[in-house]
Amino acid sequence: MSTTVSGATEVELAIGGMTCASCAARVEKKLNRMDGVEATVNYATEKAKVTFREDIAVADLIATVEATGYTAREPEPVRTEAETGTGPAGEADELRPLRQRLTTAVVLAVPVIAMAMVPVLQFEYWQWLSLTLAAPVVTYAAWPFHRAAWTNARHGAATMDTLISVGTSAAFLWSLWALFFGTAGTPGMTHPFELTIARADGAGNIYLEAAAGVTAFILAGRYFEARSKRRAGAALRALLELGAKEVTVLRGDREERVPVAELQVGDRFLVRPGEKIATDGRVVEGSSAVDASMLTGESVPVEVSAGDGVTGATLNAGGRLVVEATRVGADTQLARMARLVEDAQNGKAAAQRLADRISGVFVPVVIALAVGTLGFWVGNGAGLSAAFTAAVAVLIIACPCALGLATPTALMVGTGRGAQLGILIKGPEVLESTRKVDTIVLDKTGTVTTGRMTLLAVHSAEGTAEADVLRLAGALEHSSEHPIAQAVAAGAAARAGALPVPEDFANVPGLGVQGVVDGHAVLVGREQLLADWAMSLPADLRAAKAAAEEAGRTAIAVAWDGEARGVLEVADAVKETSPEAIRRLRALGLTPMLLTGDNRAVAESVAAEIGIEPGQVIAEVLPQDKVDVVKRLQGEGRSVAMVGDGVNDAAALAQADLGLAMGTGTDAAIEAGDLTLVRGDLRVAADAIRLARRTLGTIRSNLFWAFAYNVAALPLAAAGLLNPMIAGAAMAFSSVFVVGNSLRLRGFRAVDG
């Protein structure tokens with residue numbers, strides 16, 4: 001799908017065939033070399049966002065990508081699981097080829113490694129069994145690496161795939177030569193455990209365990225990475241799943257149930273209490289309270305009546321509504337929010353892993369060193385066999401066995417420990433962001449606060465018992481479906497015990513409720529409801545009501561038997577742990593800010609309660625404004641983390657450098673976030689950032705040592721002084737070190753609350 005903006009055309013392309021972040025960088029570089037083209041390629045979502053002049057055809061862009069060695073096409077629109085008939089099973093089908101290769105590699109490589117490393121398993125013809133088992137691993141299982149290496153070679157590039165392919169191929173082909181033309185195929189041949197540094201011709205050495213083991217390790221890392229990447233579109237699907245699936249359309253005098261996709265602008269449809277509003281529209285009949293918190297962040301339900309606008313996917317919490325559709329399909333606010341999420345995801349710079357960045361230099365150097373070693377020893381008369389032994393040793397010792405473990409093991413242990421603490425980390429790219437963030441933007445509703453209306457205070461008139469106000473008001477409100485009424489009823493029951501049953505009850509639209517409780521004529525609602533019955537609040541209750549409203553709370557008047565008796569304060573209560581969470585976030589060097597769709601009085605009251613300065617409060621913002629706020633902060637040079645829980649936060653979570661989603665929130669927010677806090681406790685956000693930073697540090701140290709062992713051994717290999725035992729021991733030790741270093745993450749502890 002392409003769009004035209006200010007004379008330039010924008011298109012999104014799905015890119016296929018990328019195996020690492022450096023592939024994305026190569027495609028991006030080729031596209032940007034085209035005159036009049038600006039492109040950003042995201043390896044995580046496998047998409048390219050391209051802006052180009054109108055005289056350039058999309059086919060030209062696709063041809064450029066294909067000339068680079070990859071595939072490109074315009075992606076299909078994101079659809080729900082119900083529309084595609086897929087879900088987790090569909091995702092599993094996409095991963096099946098990679099999973100089959102991984103299973104093959106692991107099953108066959110384990111006995112190959114065991115026979116090479118354990119002398120007691122080296123029976124008379126063990127080397128031929130090793131060859132039989134290793135051959136499918138190096139050919140079938142490792143085929144994606146060979147294919148990528150060939151593609152890279154055709155375009156004069158080298159990546160980690162090149163090193164893996166060349167290293168495993170060299171090890172396997174040398175082993176074939178040693179078995180068929182050297183002495184390694186002799187019955188009874190063993191790998192002696194000699195750690196002597198001496199020059200050898202290598203005719204009796206095989207490296208099948210290196211070829212098979214490296215393939216299995218790297219495939220494991222690729223599989224877990226691919227599984228995480230496949231979730232890139234889940235945020236959009238989760239957003240689309242929020243909408244109603246069917247709607248009751250009014251056709252003259254009859255009602256007809258149809259799929260939402262069949263709705264047209266101008267259609268009138270019925271929304272019963274408890275149903276989702278099918279699409280954006282205007283109320284033409286009825287009045288109700290609409291819970292729009294998941295879209296707008298407004299904690300208080302919005303009262304609507306004839307003439308008011310309503311938004312699709314919001315919940316009708318009160319009466320029966322007839323709505324006329326004003327926007328349908330891609331024009332609705334929900335669809336626009338889905339596009340915001342997608343734009344934010346695709347707009348992120350491709351997160352290039354350290355291993356891929358280093359490989360751009362490391363791989364060509366290693367290959368050049370191997371060729372130079374071969375030439376040097378041949379030129380010095382050492383013999384072709386000895387020269388090949390040294391050259392192959394260079395390739396084998398450089399082959400990234402520990403490198404393949406460096407990221408997956410640390411990530412596995414770190415994410416496993418995180419899961420135990422209620423922290424879910426999505427992937428390695430997330431960790432880079434945690435190191436840099438300096439500002440943390442907090443959504444209010446459901447993140448800092450509980451996200452539900454709560455009875456916070458009771459004010460009674462002189463001579464009236466607080467218990468009586470609670471009992472009578474609570475009894476009447478219990479019969480109402482309004483969210484504020486339910487908060488009053490729940491609070492009254494908790495404080496005053498069992499509530500009586502009203503003898504009479506009536507809802508007064510837009511004002512409150514009235515009825516008879518224990519023989520008393522009771523009114524509960526807005527001050528206007530009392531005025532309609534010629535009652536007014538005494539001075540003390542009027543002052544209490546004014547103070548409550550100034551603090552952003554909802555004040556509810558209570559009267560019975562012709563006299564105003566009390567005022568109830570209802571609001572979205574601050575979580576008890578939020579002030580402590582703010583202190584912990586500051587201790588990590590972060591500046592906390594409060595961002596909400598609620599009104600400023602409410603926002604500043606909450607900010608004061610949790611310890612955020614008024615200058616760090618941004619209130620009354622729409623979902624698209626939240627994205628703009630995050631962009632503005634990033635434009636000021638800040639690295640921004642965002643914590644949220646609602647659909648209205650999804651696009652901002654995707655735009656932020658680091659998105660933390662509360663696990664108690666909506667699926668859309670959770671999918672758009674980089675970290676998910678399962679418990680919904682804001683203090684866990686600080687623990688999550690600490691754990692992510694610790695995991696990143698472990699990965700960095702793993703990568704350093706993985707390269708360090710290889711680099712340190714390269715001169716020995718080039719000198720022809722490495723026998724298979726030393727090479728194998730160095731590789732094994734580097735792998736053990738990496739795994740052991742990663743296991744230290746199991747000792748991570750959350751700060752005690």
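Once a new chain begins, its residue numbering starts again from 1 and follows that chain's sequence as written. Where local features are concerned, this predicted model is filtered to residues with pLDDT of at least 70; where side-chain atom pairs are given and counted, the filter is 80 or more; whole-chain, interface and lining totals use all residues. Values shown for side chains rest on all heavy atoms present in the structure; no hydrogens or waters enter the calculation.

Tallying secondary structure elements over the chain gives 27 helices and 27 strands in all. In the structure as shown, the chain presents an accessible area of about 31,100 Å², 56% of it carried by carbon and sulfur atoms. Every helix listed is a DSSP run of H or I at least four residues long, and every strand listed is a run of E at least two residues long, numbered separately from the N terminus. Here the Shrake-Rupley method, with its probe set to 1.4 Å, supplies the accessible areas, and only the displayed protein chains count as covering residues.

Attention now goes to the pairing of strand 8 (residues 268-271). Paired strands, in this sense, are two strands between which DSSP finds at least two bridges. Here strand 6 (residues 246-251) pairs with strand 8 via two bridges, running antiparallel. In the strand pairing of strand 8, Thr 248 is matched with Leu 270.

What follows concerns the pattern of salt bridges. The term salt bridge refers to a side-chain nitrogen of Lys or Arg lying within 4 Å of a carboxyl oxygen of Asp or Glu. Applying the stated criterion across every chain, the model contains 29 salt bridges. With a shortest N-O distance of 2.8 Å, Glu 569 and Arg 553 are connected by a salt bridge. In this pair, Glu 569 is assigned in strand 22 (residues 563-574) and Arg 553 in the loop between helix 20 (539-550) and strand 21 (554-560), connecting sequence segments 16 residues apart. Overall, Arg 553 belongs to the partly exposed group, its relative accessible area being 28%. Close ionic contact of Arg 586 with Glu 613 constitutes a salt bridge, the shortest N to O distance being 3.5 Å. Here Arg 586, found in helix 21 (residues 578-587), pairs with Glu 613, found in the loop between helix 22 (600-610) and strand 24 (617-618); they are 27 residues apart in sequence, far enough to count as distant. When salt bridges that share partners are traced, they join Arg 251, Arg 254, Glu 256 and Asp 267 into one network. Accessible area is worked out with a 1.4 Å probe on protein chains only. A residue is then buried under 20% of its type maximum, exposed over 50%, and partly exposed in between.

Here we take up the packing of aromatic side chains. Only Phe, Tyr and Trp rings are paired, with Trp represented by its six-membered ring, and only when their centres lie within 6.5 Å; those with planes under 30 degrees apart are stacked, over 60 edge-to-face, the remainder tilted. Summed over the entire model, instances satisfying the criterion amount to three aromatic pairs. Ring geometry for Trp 128 versus Phe 180: centroids 5.3 Å apart, planes at 75°, classification edge-to-face. Note that Trp 128 is positioned in helix 5 (residues 126-141) and Phe 180 in helix 7 (residues 160-180), a separation of 52 residues in sequence. Here Trp 128 falls in the partly exposed class, since its relative accessible area comes to 24%. On the accessibility criterion, Phe 180 (53% relative accessible area) is exposed. An angle of 25° between the planes, with centres 5.0 Å apart, marks the rings of Trp 174 and Trp 177 as stacked. You can see Trp 174 and its partner Trp 177 sitting in helix 7, three residues apart, about one turn around the helix. A relative accessible area of 7% means that Trp 174 is categorised as buried. Overall, the relative accessible area of 32% leaves Trp 177 in the partly exposed class.

With that out of the way, let us pick up helix 2 (residues 58-67). Restricting attention to buried positions, one finds in helix 2 the residues Val 58, Leu 61, Ile 62, Thr 64 and Val 65. All buried residues of helix 2 fall inside an arc of 155° around its axis, so they share one side. Projecting away from the buried face of helix 2 at angles above 90 degrees are the exposed residues Ala 59 and Ala 67. Gly 69 sits one or two positions beyond helix 2 and adopts a positive phi of about 105°. The directions considered for the arc run from the helix axis to the C-beta atoms.

Attention shifts here to the packing of helix 17 (residues 466-477) against helix 18 (residues 483-496). Any two packed helices are characterised by the angle at which their axes cross and by the distance between the axes. Under this scheme, a helix contributes an axis fitted over its contacting stretch, all axes are lines through C-alpha atoms, and angles between N-to-C directions fall in the 0 to 180 degree range. The contact between helix 17 and helix 18 brings their axes to 8 Å, and the two run at 135°. With respect to each other, helix 17 and helix 18 are oriented oblique. Between helix 17 and helix 18 lies a crossing of left-handed hand. From helix 17, Ala 467, Leu 470, Gly 474 and Glu 477 reach across to helix 18, where they touch Ala 485, Gln 486, Val 488, Ala 489, Ala 492, Arg 495 and Ala 496. Note on residue classes: Ala, Val, Leu, Ile, Met, Phe, Trp, Tyr, Cys and Pro are nonpolar, Asp, Glu, Lys and Arg are charged, and everything else, Gly too, is polar. In the contact of helix 17 with helix 18, the residues fall into seven nonpolar, two polar and two charged. Any angle that is under 35 degrees is reported as roughly parallel, and any over 145 degrees as roughly antiparallel; angles of 65 to 115 degrees are reported as roughly perpendicular and all others as oblique. The hand of a helix crossing depends on one turn: near helix anticlockwise from the far one by less than a right angle means left-handed, and clockwise means right-handed. Only heavy atoms matter for contacts: two residues are in contact if any of them lie within 4.5 Å across the pair.

With that settled, the discussion passes to the packing of helix 21 against helix 26 (residues 683-718). Running from N to C, helix 21 and helix 26 cross one another at 25°; their axes reach a closest spacing of 7 Å. Here helix 26 runs roughly parallel to helix 21, going by the angle between their axes. Between helix 21 and helix 26, the contacting residues are Glu 580, Ala 581, Arg 584 and Leu 585 on the first element and Arg 683, Ala 685, Ala 686, Asp 687 and Ile 689 on the second. Among the residues forming the contact of helix 21 with helix 26, the class breakdown is five nonpolar, no polar and four charged.

Turning to the nonpolar core, a few remarks are in order. Side-chain atoms within 4.5 Å link the members of a nonpolar core, which is a set of buried Ala, Val, Leu, Ile, Met, Phe, Trp, Tyr and Cys residues. With 53 residues, the main nonpolar core has Ile 206, Leu 208, Leu 219, Phe 362, Val 366, Val 394 and Leu 714 as its most contacted residues. Elements that contribute at least two residues to this core include exactly helix 4 (88-117), helix 5, helix 7, helix 8 (208-229), helix 12 (354-379), helix 13 (384-398) and helix 26. Beyond its immediate stretch of four places on either side in the chain, Phe 362 contacts Leu 163, Ala 398, Phe 707, Asn 710, Val 711 and Leu 714. Ala 581, Ile 612, Ala 641 and Ala 692 belong to the second-largest nonpolar core, a separate cluster that totals 47 residues.

Now for the sheet that holds strand 16 (residues 439-443). Spatial ordering of the open sheet is given by 15-27-26-25-16-23-24, a layout of seven strands whose pairing is mixed. Edge positions in the sheet fall to strand 15 (423-425) and strand 24, since each has one partner strand and no second. With four bridges joining them, strand 16 and strand 25 (residues 640-644) adopt parallel strand pairing. Within strand 25, the position partnered with Thr 439 by the bridge is Val 640. The strands that helix 26 touches are strand 15, strand 16, strand 26 (658-662) and strand 27 (675-677); relative to strand 15, the one it contacts most, it runs at about 40°.

By definition, the strands of a sheet pair up through backbone hydrogen bonds, in either a parallel or an antiparallel sense. Read from one edge to the other, the open sheet built from six strands follows the order 7-6-8-14-9-12, with strand pairing classed as antiparallel. Among the strands making up the open sheet, the edge pair consists of strand 7 (254-259) and strand 12 (309-310).

What follows is about the confidence of the model for the chain. Every residue is assigned a pLDDT by the predictor, reflecting its confidence on a scale from 0 to 100. Across the chain, the average pLDDT comes to 80, with 81% of residues at or above 70. Least confident of the elements in the chain is helix 3 (residues 81-84), whose mean pLDDT is 46; most confident is helix 5, at 94. Low pLDDT, under 50, characterises residues 80-92; the predicted model gives this stretch 13 contacts beyond four residues in sequence or across chains. Note on residues 347-353: pLDDT under 50 across the span, and 18 contacts to partners over four residues away in sequence or across chains.

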